[in-house]
Amino acid sequence: MGVSLPSSVYSASTSTTTAMSIAQKLQNTFSHESQDASSKHPEQALKDFIAEDPNSVYTFDSERDSPKSELCREGKEKGRKCIEMRMYSTQLFQAMQNQGFFCALPMDPTRTHIECKRIPKN
């Protein structure tokens, strides 16, 4: 035994489904259009960001156990620029070392970010 729905109920549910699918499509469109460094592969985004000004000092910080970190370049000529990385701070620390940087806490004990400076090549 099937239950027949009045046509007004059926129309409303069809309209809601159509509206939801349009909203989902728009959301996907906007999310693809607003790609930034966090949408690239994290290691490649890091390499690209460093390549813009490789000899600057870089700093990064994140909330405890957060899968995202903010990486900032303290550029001399290009000024300060920050990007969000989809990496835990421990991963970013290792990735910066892999890129030839020495990373450590700053000398000021009130500061909690990590500073990274390029290790000079001989």
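Along every chain, residues carry numbers that run from 1 in the direction the sequence is written. Only residues with pLDDT of 70 or above have their local features reported here, since the model is predicted, and side-chain atom pairs are shown and tallied only from 80 upward, although totals for entire chains, interfaces and linings are computed over all residues. In computing side-chain values, all of the structure's heavy atoms are included and hydrogens and water are not.

**Some thoughts on the pattern of salt bridges**
Move 1: Here, a salt bridge means any side-chain nitrogen of Lys or Arg that lies within 4 Å of a carboxyl oxygen of Asp or Glu. If you walk through the whole model with that rule in mind, you get 4 salt bridges.
Move 2: A salt bridge links Glu-52 to Arg-73, with the shortest nitrogen-to-oxygen separation between them at 2.8 Å. In this pair, Glu-52 is assigned in helix H2 (residues 42-52) and Arg-73 in strand S2 (residues 69-74), connecting sequence segments 21 residues apart.
Move 3: To sort residues, take the accessible area from a 1.4 Å probe on protein chains only and compare it with the maximum for the residue type: under 20% means buried, over 50% means exposed, and anything in between is partly exposed. Look at Glu-52 and you get partly exposed, because its relative accessible area is 36%.
Move 4: Glu-74 is the salt-bridge partner of Arg-80, the closest N and O atoms lying 2.4 Å from each other.
Move 5: Glu-74 gets classed as partly exposed once you look at its relative accessible area, which sits at 29%. Secondary structure follows DSSP: runs of H or I at least 4 residues long count as helices, runs of E at least 2 residues long count as strands, and numbering of each begins at the N terminus.

**Some points on helix H3 (residues 89-98)**
Move 1: Looking only at H3, the buried set comprises Leu-92, Ala-95 and Met-96. All buried residues of H3 project into a common sector of 100° when viewed along the axis, lining one side. Looking at H3, the residues exposed on the side facing more than 90 degrees away from the buried face are Thr-90 and Asn-98.
Move 2: The criterion used for residue contact is that any of the two residues' heavy atoms lie within 4.5 Å. The secondary structure elements touched by the buried residues of H3 are H2, strand S1 (57-61), S2, strand S4 (101-104) and strand S5 (114-118).
Move 3: Following H3 by one or two positions, Gly-100 has its phi on the positive side, about 90°. What the arc covers is the set of directions going from the helix axis to the C-beta atoms.

The values reported here are purely geometric and, on their own, carry no functional implication.
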